[in-house]
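# Understanding the architecture of this molecule
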Amino acid sequence: MARASINSTTDLDIILIGKSGNGKSSTGNSILRRENIFEPSFNMDSVTKIPQFEWSEFEGRILQVIDSPGVLDTCEDEEGGITLVHNALQNAMLANPKGYHAFLVVLKFGNRFTIGEQQTVQILKGILGENFLKDYGIIVMANGETFEQNCRKDKTLSLKTFCADQRGPFKSILEECNNRIVVFSNLTQDENVKNRQVQQLIAMVDELENDGRRYTNEHFKRADKFYQHLLVSTSIPMLTKQTLKEQSLIMQAIKAIETLPEQSEKIDSLENILPRLEKLINSLKEKDRETGKLVDFITNANDTKDLVNALLQLYKSKSSKQATPEVLNSLNHQAIEIECTRQNLHQKMKKSFFEKFRDILKRFGPFIFGSAEILANVLLALFS
């Protein structure tokens, strides 16, 4: 049975994603067959801007093109990069609540598709869903003028042979898109070429095996839970380091209470510790984003709070001076268990921390080595 085509509808909504400087905005203008609608931006901060969108009519179809700024711009701050990409895509979904028939990944012929961009695509898959490229992705190769020149020089070169010869990250994303690729010459003045490349793109969108369904905000919401896990995972090494530091200082303060001579001093010290624990617990819950990834740290902080409340109850009691050895031993055992748990979490954090550090060196090593100043700054950022 033949699949339904989206030719039955007059509108076609597509979104452009790509690195600043790849020709994304120019490609958007070419698809719309209108000049200077989207202004190119080479600003790395462009990812923070709101999406641009415009419409045009082409051969009886109403095309809407949304330019999502800088989504493939890479960011060495992984957590910050994930948040920026998520926010840009969220804005894009808000800009067109009906959803999109296709995601156009705009790359530039002659530029390498880098490991960094490939990693950003992995972030996109985490945010939009594992199959968004498979189901809705099309590669648009800008700078088609240079590609055509190379084809004229080398008669054996064609888009098919070009794709077959690819290796590495570009081949991976091409396979993700099921080898859907179209070349765009954004500088051409040839009306036939302008029309033909838009026709090829529309035909490719029509052939997507989605029965005309759009990628909608519901897809985005379903993928959002994974995004929360992704975001928390990248922040855990730094976040837990700060948490363990505060927990360590609180345990030290609890231990020091034993040396205070007056009952009132012990009560005051314990009452000063409680707000610190409340603040720590609330901060952990907020940053956990209901993922459960920080549950061990939250539990440890809550156990510490229970210990402080038990000590307060003991010291405020008139009979605290006659507390039985069993009560004191129980509280002491509770404190030892809390501290052992904290130290175990500390060991796990250090392992995670240095795995993260090794990952950064692996990814950015070629740029870091040879520059002692940059390496020093990376180390400072990690250990501060």
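Please refer to the structure placed before this passage.
Residues numbered from 1 in each chain as written. Predicted model: local features only at pLDDT ≥ 70, side-chain atom pairs only at ≥ 80, totals over all residues. Heavy atoms only, no water.

Moving on, we come to the packing of helix α3 (residues 115-128) against helix α7 (residues 168-176). Orientation of α3 relative to α7, taken along the N-to-C sense of each, is 30 degrees, at an axis distance of 9 Å. Between α3 and α7, the interaxial angle falls into the category roughly parallel. Read as a crossing pair, α3 and α7 show a hand that is left-handed. For the pair α3 and α7, the contacting residues are Ile115, Gln118, Val121 and Lys125 in the first and Pro169, Ser172, Ile173 and Glu176 in the second. Here the contact of α3 with α7 is built from residues that sort into four nonpolar, two polar and two charged. (Axes fitted to C-alpha atoms, helices over the stretch in contact; angles between N-to-C directions. Helix = DSSP H or I, 4+ residues; strand = E, 2+ residues; numbered from the N terminus. Parallel < 35°, antiparallel > 145°, perpendicular 65-115°, else oblique. Left-handed = near helix turned anticlockwise from the far one by under 90°. Contact = heavy atoms within 4.5 Å. Nonpolar A, V, L, I, M, F, W, Y, C, P; charged D, E, K, R; others polar.)

In this structure, glutamine 166 sits in the loop between α6 (159-164) and α7. The exposure class of glutamine 166 is buried, given its relative accessible area of 17%. Within polar-contact distance, the side chain of glutamine 166 engages the backbone oxygen of phenylalanine 162 at 2.9 Å. (Buried < 20%, exposed > 50% of the residue type's maximum accessible area, 1.4 Å probe, protein only. Polar contact = N/O pair within 3.5 Å; in protein donor to acceptor, adjacent residues only side chain to side chain.)

Counted by the stated rule, this structure contains seven aromatic pairs. Judged by centre distance (5.7 Å) and plane angle (85 degrees), the ring pair of phenylalanine 53 and tryptophan 55 falls under edge-to-face. Ring geometry for tyrosine 100 against phenylalanine 103: centres 6.2 Å apart, planes inclined by 55 degrees, an arrangement best described as tilted. Here the two residues tyrosine 100 and phenylalanine 103 agree in accessibility, since each one is buried. (Phe/Tyr/Trp six-rings, centres within 6.5 Å; stacked < 30°, edge-to-face > 60°.)

Bringing the pairing of strand β3 (residues 61-67) into the picture now. Residues in a regular strand project their side chains so that they alternate between the two faces of the sheet. Taken across its seven residues, β3 has six buried, putting it largely inside the fold. Bridging between strand β1 (residues 11-18) and β3 involves six bridges; their strand directions are parallel. Counterpart to isoleucine 15 in the pairing with β3 is isoleucine 66. Alignment of strand β2 (residues 52-58) against β3, held across seven bridges, turns out to be antiparallel. Bridge pairing links tryptophan 55 to glutamine 64 in β3. Here β2 hands over to β3 after two residues, with glutamate 59 in that stretch at a positive phi of 50 degrees. (Pairing = 2+ DSSP bridges.)

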